[in-house]
Amino acid sequence: MIVNTCEQHAAGGKPAYELDLRERTFKISHLQILDEKGNLDAEREPNLSAEDLIKLYRTMVLARAVDDRLLKLQRQGRIGTFPLCTGQEAASCGPALAMTPKDWFVGSFRELAGRLLRGEPIENGFLVFNGYEEGNTFPGGERTLPISIIIGAQALHAVGIAYAMKIRGETDSAVVCFVGDGATSQGDFHEAMNFASVWQVPVVFVCANNQWAISLPREKQTHSQTLAQKAIAYDMPGIQVDGNDALAMYQATKEALDRARAGEGPTFIEGVTYRLMMHTTSDDPSRYQPPEQLEAWQGRDPLVRFKSYLEAKGIWNDKQQAAMEVEIKQEIEDAVKAFEAKTDFKPDTPFDHVFGTEVPKIEEQRAEFLHHLREESTDA
Amino acid sequence: MRNKLNMVQAINLALHQEMGNDDSVVAIGQDIGVNGGVFRVTEGLYEKYGESRVIDTPLAESGILGTSIGMAVAGLKPVAEMQFSGFSYLMFGQLEGHAARLRSRTQGAITVPLVVRMPYGGGVRALEHHSESREAIYGHTPGVKVVIPSTPSNARALLVSAIRDPDPVIFMEPKRSYRAFREEVSEEEQTMEIGKAQVVQEGTDLTVFAWGAMMRPTLQAVQEVQDQRGVSIELIDLLTISPLDGDTIAGSVEKTGRCVVIQEAPRSLGPASEIIATINDKALMYLEAPVRRVTGYDVATPYFGRENAYLPTSGRIHRAIEETLDF
Ligand SMILES: Cc1ncc(C[n+]2csc(CCOP(=O)(O)OP(=O)(O)O)c2C)c(N)n1
Ligand SMILES: [Mg+2]
């Protein structure tokens, strides 16, 4: 134990106070149900139907395949910059599976996997990352906010939504808010944690600690040993979970949601995971990422262990796997076709949605905009 | 010696030279060190000047500017980077509340010499918040200077002057021009006066005002109209949005009597409005035609699928020049 003695001694030479910097008086629980090799902690196994388990697995596989397809399209110049979710499927899908349609899904920008589980069509991602706002909404997505590219801002929105639930007396709904490790440095994040705790509202923060914020490693993002311990300062339950273990992510979120709906306030969950690909397609991780680290995490793939688990349970086999792969491939190709066939984007849509009321100045500018478009096409 | 550099390399040269000249200059921002910045503008600084002067910060814009203010107050000269101007709003409280006011609050006893660099503007097929042009927000803040270069060489010279300026300077880099072209840039030290517009080309029939990324389509339109009609057009690059160079603006309009203003940003309450107000104040009686503006629209900057229709084009600028000549 190292004790830091305060320099300023009180009268009589006795230190005014002592700072104990090493002997932590708090403990952070770490939850893992399915280890890297697919071994199960049977006592903690969630009570999920075969159907739900397969849905969880299928969505994780789908998300990775979509990532893969998007990357190819991006490299061919058929789509713009996008963030990859490969490696983080469990940290996103586990929590999403624990949610009901009545819960609000407040995502970060790297939440493709969870969004797919939530029912968002594959084409949406194609649209957004090819520069069309049309991909930000979907039928059934009334309680799903669009991605937040402004890091951390969404945490406050989540708390506001949870407050509305609280004062309306909704006891069958809560909010799940996703953030990254980088987001935990933002003022907005800490304000959200504080408000949530002061107000005791039904919100679950799920932090995908993927070890990086672009090129900044986790240990330069925060000097804290864990992200989960940040919850302690707000007197909020904070736990660390194996973020590549979909069962643990599901279970941790489920319990937090149950508490939230029962009026027991917010929870912070740190999902320890890894960004297996580049930050976005504009990024080059070879400039900053130690290859050994990447390799080590490639061995902890969330999909591999979940597949072994399903097989061990006797609800999955090679035949099903092969059939699913064919199906997913087709589903993605259909989405690409539908996306590429859509070319009839209304040019003046931005003018439709500036305000909810008609404003003369905007309409004047719309007319001018359309006039210029016509002139440009005759110029060409 | 002169080298052909693009704007990224030219800004990088300015940073290297100023950090070499003056130990108190520090670079601070997200991903600017080991990674060299997401646009590679700060490439090589970390290796050369080390992590105490090239600071990779946690992800917090208010934190970056707030601590930069403290550093500046304590005698350092921070050059902070906002990764994209679309994220700079998170530091606005620190800027308006403190960076811009400490001088007046203390009647000159405490000053805040710092630079905030930020890539701005559209045309690069980027995600939401990566394409806007919001210089008006900063131009509206008293106590803050707003500089927007347009070429590799003026970017380099203006950045050196911004770092040496005694007050906070917002330095907005037109990301569309980052790698669009190269120019000869001298190895020798170069500075450029902040607050001065530059007459890029003299003319007698009409003046065009532009800045930043709009300079390129404007130049093209000006050349086309001159070639087609044999007129003489004066082209002025504002370079500093605030404080605006009223004398150069008025002087040119007194000479030409006609003018067009080009602004990428949304139309209302922007620099174009201020230029027109300046003409109204100083040179109204010289006008032979109403002043035309070619601007963005008062809508959220659209995602990139629709940005080409949104951004002012050389065609739009061309037509506005002709209509003003024909008025
Ligand atoms: C307010 C803000 N600042 C900067 C950025 C640029 N940026 C995009 S993602 C990112 C890193 C985010 O790190 P983290 O929260 O850990 O999420 P991850 O990318 O790892 O999923 C940064 C700096 C941004 N989008 N928003
Ligand atoms: Mg991260």
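The rules we used
Within each chain, residues carry numbers counting from 1 in the order of the written sequence. To read the labels, note that chains go from A and ligands from 1, taken in the order they are written. It should be noted that, the model being predicted, local features are given only for residues of pLDDT at least 70 and side-chain atom pairs only at 80 or more, the latter also being counted only at that level, while totals for whole chains, interfaces and linings use all residues. Side-chain calculation: all heavy atoms of the structure are included, whereas hydrogens and water are not. What counts as a ring pair is set by centres within 6.5 Å for rings of Phe, Tyr and Trp (its six-membered ring), and what kind of pair is set by the plane angle: stacked under 30 degrees, edge-to-face over 60, tilted for all other angles. Secondary structure elements are defined from DSSP: runs of H or I of at least 4 residues count as helices, runs of E of at least 2 residues count as strands, and each element is numbered from the N terminus. Relative accessibility under 20% of the residue-type maximum defines a buried residue, over 50% an exposed one, and the middle range a partly exposed one, all with a 1.4 Å probe and only protein chains included. By definition here, charges over rings are those cases where NZ of Lys or CZ of Arg is within 6 Å of the ring centre and within 35 degrees of the ring normal. Because water is not among the atoms used, a metal site may look incomplete, as its donors are only the N, O and S atoms within 2.8 Å, or 3.2 Å for Na, K and Ca. The source of the domain bounds is an automatic or database domain assignment. Throughout, a contact is declared for two residues whenever any of their heavy atoms are within 4.5 Å. We define buried area as the total accessible area lost by two parts upon association, computed with a 1.4 Å probe and summed across both. Any carboxyl oxygen of Asp or Glu that lies within 4 Å of a side-chain nitrogen of Lys or Arg is treated as forming a salt bridge with it. Polar contacts, as counted here, are pairs of nitrogen or oxygen atoms within 3.5 Å of one another; within protein the pair requires one atom able to donate a hydrogen and one able to accept it, and residues that are adjacent in sequence qualify only if both atoms are side-chain atoms. For two strands to be treated as a pair, DSSP must find at least two bridges joining them.

(A) Broad picture of the packing of aromatic side chains. All names here are of chain A. In the structure shown here, the tally under the stated rule is 21 aromatic pairs over all chains. Seen from their ring centres, Tyr274 and Trp297 are 5.3 Å apart, and the 10 degrees between their planes marks the pair as stacked. Separated by 23 residues along the polypeptide, Tyr274 in the loop between β10 (267–272) and α10 (291–298) and Trp297 in helix α10 bring together distant segments of the chain. Per residue, the accessibility class of Tyr274 equals that of Trp297, and both read buried. The structure contains a cluster of three or more aromatic residues connected by ring pairs, namely Tyr57, Phe306, Tyr309 and Trp316. The positively charged end of Arg300 is found above the aromatic ring belonging to Trp297, 4.4 Å away from the centroid.

(B) Expanded view of the coordination of the magnesium ion (ligand 2). Residue and element names in this part refer to chain A. Only Asp181 (OD), Asn210 (OD1) and Trp212 (O) from the protein reach the magnesium ion (ligand 2) as donors, at distances of 2.0 to 2.1 Å. The sequence motif formed by the donor residues of the magnesium ion (ligand 2) is D-x28-N-x1-W. Remark: Trp212 occurs in strand β7 (residues 212–213) and Asp181 occurs in the loop between β5 (175–180) and α6 (187–199); sequence separation between them is 31 residues. Comparing Asp181 with Trp212, the two get one shared label, buried.

(C) Representation of the domain arrangement of chain B. Residue and element names in this part refer to chain B. Structurally, chain B comprises domain 1 (2–186) and domain 2 (198–326). Of note, the centres of domain 1 and domain 2, computed from C-alpha atoms alone, are 26 Å apart. Each side of the interface is counted separately: domain 1 has 29 residues, and domain 2 has 24 residues. In total, about 2100 Å² of surface goes out of reach between domain 1 and domain 2, with carbon and sulfur atoms giving 54% of it. Where domain 1 touches domain 2, the interface holds zero salt bridges. Seen at the junction of domain 1 and domain 2, the total is ten residue pairs in polar contact (both at pLDDT 80 or more). When contributions to the side of domain 1 that touches domain 2 are tallied by element, the ones reaching two or more residues are α6 (135–139), β6 (145–147) and α7 (152–164).

(D) Structural view of the side chain of Gln221 of chain A. Tracing the sequence through the fold places Gln221 of chain A in helix α7 (residues 218–221). Among the polar contacts listed, one links the side chain of Gln221 of chain A to the side chain of Ser185 of chain A, at a separation of 2.5 Å. Contact partners of Gln221 of chain A, with chain neighbours within four places excluded, come to Asp181, Gly182, Ser185, Ala213 and Leu216 of chain A together with Pro58 and Leu59 of chain B.

(E) Here's a closer look at the environment of Glu134 of chain A. By the element assignment, Glu134 of chain A lies in the loop between α4 (122–128) and α5 (153–167). In this structure, the C-alpha to C-alpha distance between Glu134 of chain A and Glu123 of chain A, residues eleven residues apart in sequence, is 9.9 Å. In contact with Glu134 of chain A, not counting residues within four places along its chain, are Leu127 and Phe345 of chain A together with Arg306 of chain B.

(F) How the structure looks around the sheet that holds strand β6 (residues 203–209) of chain A. All names here are of chain A. One open sheet holds the six strands; their spatial order is β3-β9-β10-β6-β5-β4, and the pairing between them is parallel. Lying at the two open borders of the sheet, with one neighbouring strand each, are β3 (30–31) and β4 (104–106). As paired elements, β4 and β5 share three bridges and run parallel to each other. Looking at β5, one finds that Trp104 is bridged to Val175.

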